[in-house]
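What follows is the residue order along each chain.
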Amino acid sequence: MDKTIKIQVRRYLPEKQPDPFWQEYEVPLEPKWGVLDALIYIKDHLDGSLSYRWSCHMGVCGSCGMMVNGEPALTCATFLEEYQPGPIRIEPLANFKVLRDLIIDTDDFMGKLKSVKPWLITDEKRDITDGENRQTPAELKAFKQYTLCINCMLCYSACPVVGLNEDFVGPAAIALAQRYNYDNRDSGNAARHDTLLAHGGAFDCTLIGECSRACPKHVDPTGAIQRYKADGAMEYWKRLIWPKAATAPKNDGIVKQID
Amino acid sequence: MTRYGPDEYDVLIVGGGGAGLRAAIAVAETDPRLKVGVVSKVYPMRSHTVSAEGGSAGVIKSNDSIDEHIYDTISGGDWLCDQDAVEAFVNEAPKELLRMEHWGCPWSREPDGSVAVRSFGGMKNKRTWYAADKTGFHMLHTLFQTSLKYEPIRRYDEFFATTLLVDDGRCQGVVALEMATGRLHTIAARSVILCTGGFGKAFRFTTNANIKTGDGVALAYRAGVPLKDMEFVQYHPTGLPFTGILITEATRAEGGFLLNKEDYRYLQDYNLGKPAPQPVNRTMELGPRDRLSQAFEQERQKGRTIKGPYGDYVHLDLRHLGEQHINERLPMVRELCLKYEKIDPVTQCIPVRPVVHYTMGGIDVDINGATCVEGLYAAGEASCVSINGANRLGSNSLTELLVFGARAGRAAAEHAKQAKPFSAKLAALARDEEQRIEETFCKSGEGKTSGDSIASIRETLHHQMEAGAGIYRDEKSLQTAKETVLELQERAKALPLQDSSYTFNTELTAAMELRNLLELSSAIIESGLLRTESRGAHQRTDFPQRDDENYLKHSLAHRTEYGATPRIEYAPVTITKWPPKERVYG
Ligand SMILES: Cc1cc2nc3c(=O)[nH]c(=O)nc-3n(C[C@H](O)[C@H](O)[C@H](O)COP(=O)(O)OP(=O)(O)OC[C@H]3O[C@@H](n4cnc5c(N)ncnc54)[C@H](O)[C@@H]3O)c2cc1C
Ligand code: SF4
Ligand code: FES
């Protein structure tokens, strides 16, 4: 081993001891290694009991988010060299319940994604024989950025509101709602207002912008929330002043049977 | 009164990738009363479909034809495809891709708003639908998000299937490990569909994710289903050295060149046509993957590749495409190169080398995804229908997930409606499985140091598969690999663990994955050893010709027992309208 670097991992083994503890490992400082490669090295050669999630090793599956020196990062796309001379401190993503070592509980996040009805809602049922919907490159561009979210949850770790208010639906879920709201093929805005206007919805956000800074895919959740606040304010006042005139959901999106 | 217990399903799908989710939706749409379960060892959107870049093929434009897509697929597969399956595939492909459009997939578009298509290796016409160069990502997220609206679909995220429950000749469910708690669950189902993906992780240098360990293929194999055409493993010609990250074929479809160390477009020396300034379909850089990877290997032997710390490589040159075109059509390629190679393809050549990418072989199924075990189905990369034959064409696989995922879903739904009641023995079978896991893995190895650790067995396996069953093979290399894998299986008979926790014991799942890979590797090697010809991705230097007289047939590897050589049998290839011919490119 030529050069090495020290990795300090915050470990948590609930069956063995009640409190988290720090453990230090020394790994080779290989030029192309990401932080994830160091964890793989530890598991394969130093300590088979270290647990973490990973899969694609190319920054697209969203599994490997952790806190690296206090900042949320995708460990497969964050490189050891950037942290010389070390040590590098690795912790589970902040603002989540930890299940073990670097593995957090993501069920709540998954539920929040679903709560914004992230599927195409249409007024009329379209059949395959109707052919493709037309969508110009400009229409695609209107929502494309919001489709790029890999559900890595780094923005939830960065967001101070998520930390204080567990009901807050959160940056990625709002960006996902906007991904459909701004898709010219979709007419489900009304159905999504219910979640986004409610307690825990977009108005809980104080527009600090940490989510957009943390996002590795440039989704810009802050921008999505800001746009929603403009759209949602209108709907909010409509509902307050004249409830019946507000856009009622036309379709709950539960398709019972197609074709 | 409930018709179902908490863990009883009409259709249970193992795998939440493209094939699994498409199958789940197909079941829900066939009959909304059917209860559907999806078991996946990772959250569905983490499945490896997410990393597919280039696109998904289906005839949509008026200058293209169904027959041409069929012919490209069959010739690309070196005539080992079943032609009835290819016909069904190509005919249903456009409908499936349109359905994805209706579900919101953000396909790239032409200025008039119609769906855009691009060229792809081995395809005569432009027919590959794409969403920039993140096609698999967008397809998987579209399928996942769409699946959320179907109430009957219940997910078991981060559950690892360890065995199939087969009794009375029928598959009636699975045993799955709940990773968060370490609990084993018995999940009964009238039909089971395996959509667990391929097994490229048998090789070291691969584009495949950590999870691609062929678990479902091994489960079917252990349940007595033969594995078809296992010797055909696809090398993709352009992976980044070290990481093995894929640089999509779309780079070449957009006009990228492959250059050797003399900056020469060497493919012109390998019967792939002559260079032209613009890409020509089925020619040069747009030839099929097997031929391009083989050309690299021959260049390497001639000393005309470039030496690097992680093996030899050649250059993929995109510089002439210009920054704007690269940003529009290949944003992910640029992002990956900047991140993982610290180079910018706008101004620099990308170092690339062949890398294990796709497994053509898999669970032997018919055109509806049915295996020989009643109630057991498979779809996606885990299965072998076969539409890919001896060499898959790029962009056919994502479409295959849709077409055959849907077909398997519908067939499994029909079967579930008529299935007999569950047999009484399921609980006993599950107890046996618990005991097997305890004995093989959990006899505490705490404090034990490496020696026979999972990592050391895995590393030897990787090395042997690359050396013995790589781009070129011969009897000697395969024989050596065979002996090593037998030894490794012996060493892996019991794999004691350092980790004795129940909560997220990822050492336990890694050990199970390793045993699966070992079993599948022995099937790859034995099938390759007995196929004494060269066809598609299976190139024997000691038998360099294709031999239709003896080997125009599928190999079927039958499991004998753990650690023993499989028995290889053969089945005919279905030829409908396209009799075998020479493969001509260029
Ligand atoms: C980098 C890359 C790029 C590609 N690009 C293209 C392309 O452009 N066009 C194209 O057509 N094809 C492409 N392919 C091929 C194609 O993406 C794959 O063949 C396809 O996505 C496989 O999908 P699948 O649904 O069969 O399996 P996967 O997406 O691999 O999903 C497998 C699922 O099975 C689950 N699973 C596995 N084992 C278990 C277990 N024991 N218990 C429970 N669950 C389990 C996993 O959790 C996962 O959900 C590419 C492949 C790679 C690697
Ligand atoms: S918005 Fe960005 S940071 Fe948040 S989950 Fe999506 S990709 Fe990750
Ligand atoms: S391992 Fe997939 S994003 Fe890092």
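Here the structure is a predicted model, which is why all the values come from computation and not from measurement. (Residues numbered from 1 in each chain as written. Chains lettered and ligands numbered in written order. Predicted model: local features only at pLDDT ≥ 70, side-chain atom pairs only at ≥ 80, totals over all residues. Heavy atoms only, no water.)

### Quick word on the interface of chain A and chain B
So, step 1. Listed by partner, the interface residues are 73 residues for chain A and 72 residues for chain B.
So, step 2. Together chain A and chain B conceal approximately 6000 Å² of surface at their shared face, both sides included; 53% is due to carbon and sulfur atoms.
So, step 3. By the criterion of area lost to chain B, the three top residues of chain A are Lys32, Met58 and Ile128 of chain A, representing 12% of everything that side buries.
So, step 4. For the pair chain A and chain B, the interface holds 7 salt bridges.
So, step 5. Between Asp112 of chain B and Arg134 of chain A there is a salt bridge; the shortest N-O distance is 3.4 Å.
So, step 6. The interface formed by chain A and chain B contains 33 residue pairs in polar contact (both at pLDDT 80 or more).
So, step 7. Mapped onto the side of chain A that touches chain B, the elements with two or more residues apiece are α1 (35–46), β6 (98–100), α2 (107–115), α3 (137–144) and α6 (171–181) of chain A. (Contact = heavy atoms within 4.5 Å. Buried area = accessible area lost by both parts, 1.4 Å probe. Salt bridge = Lys/Arg side-chain N within 4 Å of Asp/Glu carboxyl O. Polar contact = N/O pair within 3.5 Å; in protein donor to acceptor, adjacent residues only side chain to side chain. Helix = DSSP H or I, 4+ residues; strand = E, 2+ residues; numbered from the N terminus.)

### A short note on the site of ligand 1
Residues and elements named next belong to chain B.
So, step 1. Close to ligand 1 lie 39 residues; Ser40, Ser47, Thr49, Glu381 and Leu398 are nearest.
So, step 2. Taking Gly16, its main chain carries an N or O atom lying 2.8 Å from an oxygen atom of ligand 1.
So, step 3. For ligand 1, an oxygen atom lies 3.3 Å from a polar atom in the backbone of Val42.
So, step 4. In isolation ligand 1 exposes 1000 Å². Once the protein is present, 99% of that is buried.
So, step 5. Put simply, the parts of the chain that give the shell around ligand 1 at least two residues each are α1 (18–30), β2 (36–40), β7 (159–167), β14 (350–359) and α10 (396–418). (Near = heavy atom within 4 Å. Areas by Shrake-Rupley, 256 points an atom, 1.4 Å probe, with all protein chains shown as cover.)

### Considering empty space enclosed by the protein
Residue and element names in this part refer to chain B.
So, step 1. For the structure on display, the rule yields 10 cavities of 30 Å³ or more.
So, step 2. Of the volumes computed, that of the largest cavity is approximately 740 Å³.
So, step 3. Contributing to the lining of the largest cavity are 50 residues, with His48, Thr49, Gly197, Lys212 and Glu381 lying nearest its centre.
So, step 4. Contributions of two or more residues to the lining of the largest cavity are made by α1, β2, β7, α5 (215–222), β14 and α10.
So, step 5. Across the lining of the largest cavity, the residue classes break down as 18 nonpolar, 24 polar and 8 charged. (1 Å grid on protein atoms, 1.4 Å probe; cavity = no way out; pocket = protein on both sides within 12 Å on 5 of 7 lines; lining within 4 Å. Points joined across faces, edges and corners; volume = space filled by probe spheres on them. Nonpolar A, V, L, I, M, F, W, Y, C, P; charged D, E, K, R; others polar.)

### Considering the sheet that holds strand β15 (residues 362–364) of chain B
All names here are of chain B.
So, step 1. Spatial strand order, β17-β15-β10-β20-β21: 5 strands in an open sheet with mixed pairing. Only two strands of the sheet have a single partner each, and these edge strands are β17 (383–384) and β21 (567–572).
So, step 2. Of the strand pairs in this sheet, strand β10 (residues 227–228) and β15 are connected by 2 bridges, and their pairing is antiparallel. The residue of β15 that forms the bridge with Leu227 is Ile363.
So, step 3. Seen against the sheet, helix α14 (residues 506–530) touches β10, β20 (553–558) and β21 and runs at an angle of roughly 65° to β21. (Pairing = 2+ DSSP bridges. Axes fitted to C-alpha atoms, helices over the stretch in contact; angles between N-to-C directions.)

### Points about the sheet that holds strand β4 (residues 117–118) of chain B
Residue and element names in this part refer to chain B.
So, step 1. Taken in spatial order, the 3 strands line up as β3-β5-β4 in an open sheet, and their pairing is antiparallel. A strand with exactly one partner marks an edge of an open sheet, and here the two such strands are β3 (56–57) and β4.
So, step 2. Bridging between β4 and strand β5 (residues 128–129) involves 2 bridges; their strand directions are antiparallel. What sits directly across from Val117, in β5, is Trp129.

### Overview of the domain arrangement of chain B
Residue and element names in this part refer to chain B.
So, step 1. Once the domains are mapped, chain B shows domain 1 (3–233 + 358–418), domain 2 (234–357) and domain 3 (431–572).
So, step 2. The partner domain 2 presents 34 residues to the 34 residues of domain 1 that form the contact.
So, step 3. Between domain 1 and domain 2 lies a buried interface of about 2700 Å² when both sides are counted; carbon and sulfur atoms form 50% of it.
So, step 4. On the domain 1 side of the contact with domain 2, Glu53, Phe205 and Thr207 bury the most area, a combined 27% of that side's loss.
So, step 5. Joining domain 1 to domain 2, the criterion identifies 3 salt bridges.
So, step 6. In this structure, Arg282 engages Asp72 in a salt bridge whose closest nitrogen and oxygen atoms are separated by 2.8 Å.
So, step 7. The interface formed by domain 1 and domain 2 holds 21 residue pairs in polar contact (both at pLDDT 80 or more) in total.
So, step 8. The biggest single contributor to the side of domain 1 that touches domain 2 is helix α2 (residues 66–76), with 3 residues.
So, step 9. Residue composition of the side of domain 1 that touches domain 2, by class: 11 nonpolar, 13 polar and 10 charged. (Domains from an automatic or database assignment.)

### A look at the domain arrangement of chain A
Residue and element names in this part refer to chain A.
So, step 1. Under the domain assignment, chain A is made up of domain 1 (4–104) and domain 2 (107–241).
So, step 2. Placing a centre on the C-alpha atoms of domain 1 and another on those of domain 2 gives a separation of 30 Å.
So, step 3. Every contact between the two is made by 14 residues of domain 1 and, on the other side, 15 residues of domain 2.
So, step 4. With both chains or domains summed, domain 1 and domain 2 bury close to 960 Å², and 65% of this area falls on carbon and sulfur atoms.
So, step 5. Broken down residue by residue, the surface that domain 1 buries against domain 2 is led by Pro72, Asn95 and Phe96, which jointly contribute 45%.
So, step 6. Summed over the shared surface of domain 1 and domain 2, the result is 5 residue pairs in polar contact (both at pLDDT 80 or more).
So, step 7. Among the secondary structure elements, those contributing two or more residues to the side of domain 1 that touches domain 2 are β3 (65–68) and β4 (71–74).
So, step 8. Broken down by element, the side of domain 1 that touches domain 2 gets its largest block of residues, 3 residues, from β4.
So, step 9. Taken together, the residues that form the side of domain 1 that touches domain 2 break down as 10 nonpolar, 4 polar and no charged.

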